[in-house]
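Secondary and tertiary structure notes
Spelled out, the chains give:
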Amino acid sequence: MSPRTLLLLTTLLVSVTAFSNLPVHIGHRIQVRSQFLTVRHAASPTVKFEDQDPSIHTKDDNLLKFSLDIKRVLHDLRGSDIDPTIPKQLRRTSTSNSYSEIWTLEDWEMHNSRRRYLRYILNFPRSRLLLRIAPQQIALMLWTCGTIWIENHFFKKQHIPLASLGMISTFLAFLLTLRSNLALSRLDEARKAWSKVVLYTREMSSLISAFIYPADKQLGLLLARHVALFGWLLKSQLRFTSEEDVADIVRTMLPQKEDADYVLSQRQRPVAVVTRIRQVIHHLGKQHKLTTAEEIALDHTAQALSDVVTSTGRLRASPIPTLYTSHSARLLVFYLMCLPPALHLSGLNGLATMICTMSVGYAMLGLDEISHIFEQPFRVIPMYPISKRSMLAVADSMTCRPPPLEGEEEQELPQKDLTTYWKKSGKNTGNNTSKSDGEE
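Our subject in this report is the structure included herewith. In this text the structure is predicted, and so the values were computed from the model without any measurement.

A closer look at helix α14 (residues 322–345)
Its 24 residues place the ends of α14 35 Å apart at the C-alpha level, agreeing with the 34 Å of an ideal helix rising 1.5 Å per residue. Bending of α14 peaks at approximately 30 degrees at the position of Leu339, with proline Pro340 no more than four residues after it. Just past α14, the residue Gly347 takes up positive phi, approximately 125 degrees.

Given below as structure tokens:
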């Protein structure tokens, strides 16, 4: 055998040996790589897209269950007419009405009665405003008695003109009037903003009933449950109440624990409702179950709900400038401290000085107290009954559907079976529906 032939055979043998071992090395590398990937995925689990699908949170919901949950909230959980978060001094009494409740025809007739002046005079000792300013009035009375005693013993022949004090009273009256006007304007703005809760929740639920419920009943009911909570969630946020104030309502209206936990864990719970609405709009839009016009209408109403959260939050977070308030308070205290000695040394006896000082003090301190009460409007506006009315409006939009048109499905149950929440149980003190038919 020639050397050249021997070299070729040796080269061929080496090549065959190398190629025979190659699958073993490749298989080993693939096995190691596979084990590495398995360990890495086990250590850091990923979130699947299906976990974000809102349809997984709906399980066999129907209009009857929705209606019964509404009834439980309105008749059992929140069946009382009295809002526990309203201060007692601002609640309705047997002899006086309250701005913190929605008025009926009887309330207006009592308010406009010609005998109102007699009623106000007779009820003056029980006046809620008098009770609020009683500490200031007592301090003013003690100060007046002290100044009269000092002047009678040490300054009998002195005389103080009232002209300079009268000039101060003009500026003080202007400051108090302007502050009261600012407080009343804040109250009016807050009342208008809160009235939009009923308007926009009714609009949103009507759109859900017309667009989403026919396309996907489970998602339609899921959104209706969220929208029904909007008023209660916003009320809790504006009144600075704890989570327990709305937790029972949220867990009743959102039976799925994931939904209820998500809403209750948010910093701004009303915004969580808007977020859920837009998630469902996006989900159904990708499935081509909503037209572009329907998506725009739903999103526009969702933006209106978000605007209510922003406008009410602005009023809650920004009071009348404190520099203006402190300046008015200092001037008021200075004027009331100077009034008794000036009146007594101008020639009035002790009794007349006491009567004039207490009357002026009641007028000015009362006006200042009224402006402070209305400066924080969400303490006094009737948020509790309006939240009930908002929930009623949402429920009516889903259960009181109009007769079906040609080609549409008929409602499974008659309306009278779905509107049992209209009826008021005899053992409860819930709002009568006849009282709220004309509200908002």
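Having put the structure on the table, let's press on.
Here we look at a nonpolar patch on the surface
A surface patch of nonpolar side chains, amounting to about 450 Å² of accessible area, comprises Trp149, Ile150, Phe154 and Phe155. Counting through the fold element by element, Phe155 comes out in the loop between α6 (134–154) and α7 (163–215).

Focus: the pattern of salt bridges
Evaluation of the coordinates by the stated rule reveals 14 salt bridges. A salt bridge links Arg225 to Asp69; its shortest N-O distance comes to 2.7 Å. Taken as a pair, Arg225 in helix α8 (residues 217–228) and Asp69 in helix α2 (residues 63–77) lie far apart in primary sequence, 156 residues in all. Assigned by exposure class, Arg225 and Asp69 land together as buried. Shared partners join several salt bridges into a network, and the residues in it are Asp61, Asp69 and Arg225.

Section: the layout of surface pockets
Its volume calculated, the largest pocket comes out at about 870 Å³. In this structure, the largest pocket is lined by 26 residues; those nearest its centre are Ser96, Asn97, Ser98, Arg128 and Leu129. Among the elements of the structure, α3 (105–111), α4 (116–122), α5 (128–132) and α15 (350–375) are those that each provide at least two residues to the lining of the largest pocket. Split into classes, the residues belonging to the lining of the largest pocket amount to 12 nonpolar, 10 polar and 4 charged. Empty space within the second largest pocket amounts to approximately 670 Å³. For the second largest pocket, the lining is made up of 29 residues, of which Tyr213, Arg401, Glu409, Glu410 and Gln411 are closest to its centre. Of all the elements in the fold, those that place two or more residues in the lining of the second largest pocket are α2, α7, α8, α16 (383–399) and α17 (415–418). Looking at the lining of the second largest pocket, the element that brings in the most residues is α7, giving 5 residues. A breakdown of the residues in the lining of the second largest pocket according to their chemical character gives 13 nonpolar, 9 polar and 7 charged.

Re the packing of aromatic side chains
The final tally for this structure, using the stated rule, is 4 aromatic pairs. An angle of 75 degrees between the planes, with centres 5.4 Å apart, marks the rings of Phe124 and Tyr362 as edge-to-face. Here Tyr362 lies in helix α15 and Phe124 lies in the loop between α4 and α5, a separation of 238 residues in the sequence. Taking relative accessible area as the criterion, Tyr362 reaches 25% and is therefore assigned partly exposed.

Some points on the nonpolar core
Ranked by size, the top nonpolar core spans 67 residues in total, and within it Phe66, Ile70, Ile212, Val250, Met253, Ile277 and Met391 carry the most contacts. Counting 18 residues, the second-largest nonpolar core is a separate cluster that includes Leu129, Leu331, Leu343 and Leu365.

Some details on the side chain of Asp259
Along the chain, Asp259 turns up in helix α11 (residues 257–264). A residue is classified by how much of its surface remains accessible, and Asp259, at 2% relative accessible area, is buried. A distance of 2.7 Å separates the side chain of Asp259 from the side chain of Arg276, its partner in a polar contact.

A look at unusual backbone geometry
Non-glycine residue His288 carries a positive phi angle of around 60 degrees. The topology assignment puts His288 in the loop between α12 (269–286) and α13 (292–317). The class of His288 is exposed, set by a relative accessible area of 71%.

Re the packing of helix α9 (residues 230–238) against helix α10 (residues 244–253)
Between two packed helices, both the angle of their axes relative to each other and the distance between the axes serve to describe the pair. As a packed pair, α9 and α10 sit with axes 10 Å apart at the nearest point and diverge in direction by 170 degrees. Viewed along their axes, α9 and α10 adopt a mutual orientation that is roughly antiparallel. Judged by residue contacts, Trp232, Leu233, Lys235 and Ser236 of α9 engage Asp245, Val246, Ile249 and Val250 from α10. Looking at the contact of α9 with α10 residue by residue, the classes come out as 5 nonpolar, 1 polar and 2 charged.

Quick word on the packing of α10 against α11
Where α10 meets α11, the axes come as close as 9 Å, and the angle between the chain directions of the two elements is 150 degrees. As the angle between them shows, α10 and α11 are arranged roughly antiparallel. Where α10 crosses over α11, the handedness of that crossing is right-handed. Contacts from Val246, Ala247, Val250 and Arg251 of α10 reach α11 at Ala260, Asp261, Val263 and Leu264.

Some words on the side chain of Arg225
Judged by relative accessible area, Arg225 falls into the buried class, the value being 2%. Side-chain polar atoms of Arg225 contact the side chain of Asp69, separated by 2.7 Å. With sequence-adjacent residues up to four places away left out, Arg225 is seen in contact with Asp61, Lys65, Phe66, Asp69, Thr252, Met253, Leu254 and Pro255.

About the cut-offs
Residues numbered from 1 in each chain as written. Predicted model: local features only at pLDDT ≥ 70, side-chain atom pairs only at ≥ 80, totals over all residues. Heavy atoms only, no water. Helix = DSSP H or I, 4+ residues; strand = E, 2+ residues; numbered from the N terminus. Expected span 1.5 Å × (residues − 1). Bend = angle between axes of the 7 residues up to and from the residue. Patch = residues over 30% accessible without salt bridge, like charges linked within 9 Å, V, L, I, M, F, W, Y side chains within 5 Å. Areas by Shrake-Rupley, 256 points an atom, 1.4 Å probe, with all protein chains shown as cover. Salt bridge = Lys/Arg side-chain N within 4 Å of Asp/Glu carboxyl O. Buried < 20%, exposed > 50% of the residue type's maximum accessible area, 1.4 Å probe, protein only. 1 Å grid on protein atoms, 1.4 Å probe; cavity = no way out; pocket = protein on both sides within 12 Å on 5 of 7 lines; lining within 4 Å. Points joined across faces, edges and corners; volume = space filled by probe spheres on them. Nonpolar A, V, L, I, M, F, W, Y, C, P; charged D, E, K, R; others polar. Phe/Tyr/Trp six-rings, centres within 6.5 Å; stacked < 30°, edge-to-face > 60°. Core = buried A, V, L, I, M, F, W, Y, C linked by side-chain atoms within 4.5 Å. Polar contact = N/O pair within 3.5 Å; in protein donor to acceptor, adjacent residues only side chain to side chain. Axes fitted to C-alpha atoms, helices over the stretch in contact; angles between N-to-C directions. Parallel < 35°, antiparallel > 145°, perpendicular 65-115°, else oblique. Contact = heavy atoms within 4.5 Å. Left-handed = near helix turned anticlockwise from the far one by under 90°.

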